[in-house]
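# Overview (structure and organization)
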Amino acid sequence: MDIKQRITNSELVQKRAIETREKIIISALEMYAKKGYNKTTVDEIAKNAGLSVGIAYRYFKNKKALLLSALEYGFSKISELSGTSPTDLFGKDLENALKAFEKIHTDYKDLHEELEGLRHTDEDVRKLYNDFTQKAIQEVYDKLPEELKNRPHSFENLHIAIGIMEDYCHHYMYKDLSDDELKYMRARTVDLTEYLLN
């Protein structure tokens, strides 16, 4: 076998390894969405991916390592999962942005609840979550019009706007308000967010 063929084979093996790793991560996110993190085992994730549990452990040393990798992957794909991009979040169509927030919260309700808890008890999850949040907010801020960024406290107002949207989405996710109350809250969320960012 010549050097060129060895490089090609090596590249093929590396490509397969990347694909297998991603397959496990996608399976983990699917299972977390169905059952939540705590109720999901690595065995179930491997089975859902059509792989042996041994292969899963070849790529991830334990359940938490898989969670952290899945979160990193999920955060990097948030635009695909929600149907919108952080850079479009506060563009002309705030309604679509809010629909994307609602979709993420309802599609990943169990995982979202567990992550909220893990943020307070697990330093690695807290750091990953906070790093993603800061990066996403900075990305949105960087895309805001210059005249808005030049206003006093525009960065803080963006944080407040996202907090308002998050609070509304938690009520939407838990359905702890009547339809009329949710409808009113949604309309005020849009109004307040537009006020803060205009």
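Reading guide: rules and limits
Residues numbered from 1 in each chain as written. Predicted model: local features only at pLDDT ≥ 70, side-chain atom pairs only at ≥ 80, totals over all residues. Heavy atoms only, no water. Helix = DSSP H or I, 4+ residues; strand = E, 2+ residues; numbered from the N terminus. Buried < 20%, exposed > 50% of the residue type's maximum accessible area, 1.4 Å probe, protein only. Contact = heavy atoms within 4.5 Å. Areas by Shrake-Rupley, 256 points an atom, 1.4 Å probe, with all protein chains shown as cover. Salt bridge = Lys/Arg side-chain N within 4 Å of Asp/Glu carboxyl O. Core = buried A, V, L, I, M, F, W, Y, C linked by side-chain atoms within 4.5 Å. Expected span 1.5 Å × (residues − 1). Polar contact = N/O pair within 3.5 Å; in protein donor to acceptor, adjacent residues only side chain to side chain. pLDDT = per-residue confidence, 0-100. Axes fitted to C-alpha atoms, helices over the stretch in contact; angles between N-to-C directions. Parallel < 35°, antiparallel > 145°, perpendicular 65-115°, else oblique. Nonpolar A, V, L, I, M, F, W, Y, C, P; charged D, E, K, R; others polar.

Tallying secondary structure elements over the protein gives eleven helices and zero strands in all. Going from the N terminus to the C terminus, the protein shows its helices and strands as α-α-α-α-α-α-α-α-α-α-α. Burial statistics for the protein: of 198 residues in total, 37% are counted as buried. Pairs at least 24 residues apart make up 65% of the contacts formed inside the protein by residues separated by at least 6 positions. Taken as a whole, the protein presents about 12000 Å² of accessible surface, with 52% of it coming from carbon and sulfur.

When their charged atoms lie close together, side chains carrying opposite charge are able to pair. On inspection of all chains with the given rule, the structure shows eleven salt bridges. Put simply, Asp124 and Lys64 hold a salt bridge, and the shortest N to O gap is 2.6 Å. With Asp124 in helix α8 (residues 123–143) and Lys64 in helix α4 (residues 63–76), the pair connects residues that are 60 residues apart, well separated along the chain. Relative accessible area serves as the criterion here: at 41%, Asp124 is assigned to the partly exposed category. For Lys103, the salt bridge goes to Asp107, with nearest N and O atoms at 2.6 Å. Note that Lys103 and Asp107 are positioned in helix α6 (residues 94–107) at a spacing of four residues, about one turn of the helix. By sharing partners, the salt bridges in this structure join Lys64, Asp122 and Asp124 into a single network.

The subject of this paragraph is the nonpolar core. Among the nonpolar cores identified, the biggest contains 26 residues, and Ile25, Tyr32, Ile45, Leu66, Leu67, Leu71 and Val125 are the most heavily contacted of them. Broken down by secondary-structure element, the contributors of at least two residues to this core are α1 (3–35), α2 (42–49), α4, α7 (109–121) and α8. In terms of residues, this core owes the most to one element, α4, which gives seven residues. Ranked by size, the runner-up nonpolar core spans 20 residues in total, among them Ala97, Ala161, Met165 and Leu197.

It is worth spelling out α4 at this point. In this model α4 runs 20 Å from its N-terminal to its C-terminal C-alpha over 14 residues, within 8% of the 20 Å that 1.5 Å per residue would give. Where burial is concerned, most of α4 is hidden: ten out of the 14 residues are buried. Of the positions making up α4, those classed as buried are Ala65, Leu66, Leu67, Leu68, Ser69, Ala70, Leu71, Tyr73, Gly74 and Phe75. Its side-chain oxygen 3.2 Å from the backbone nitrogen of Lys64, Asn62 forms the N-cap of α4.

Turning our attention to the confidence of the model for the protein. The predicted coordinates of low-pLDDT regions are not to be read in fine detail. Chain-level statistics for the protein give a pLDDT mean of 85 and a share of 88% at 70 or above. Across the protein, the element-wise mean pLDDT spans from 62 in helix α5 (residues 78–82) up to 96 in α2.

Where helix α10 (residues 154–174) contacts helix α11 (residues 179–196), the axes come no closer than 9 Å and their chain directions differ by 170°. By the angle class used here, α10 and α11 are roughly antiparallel. Contacts between α10 and α11 involve Asn157, Ile160, Ala161, Ile164, Met165, Asp167, Tyr168, His171 and Tyr172 from the first element and Leu182, Met185, Arg186, Thr189, Leu192, Thr193 and Leu196 from the second. Class assignment of the residues belonging to the contact of α10 with α11 gives a composition of ten nonpolar, four polar and two charged.

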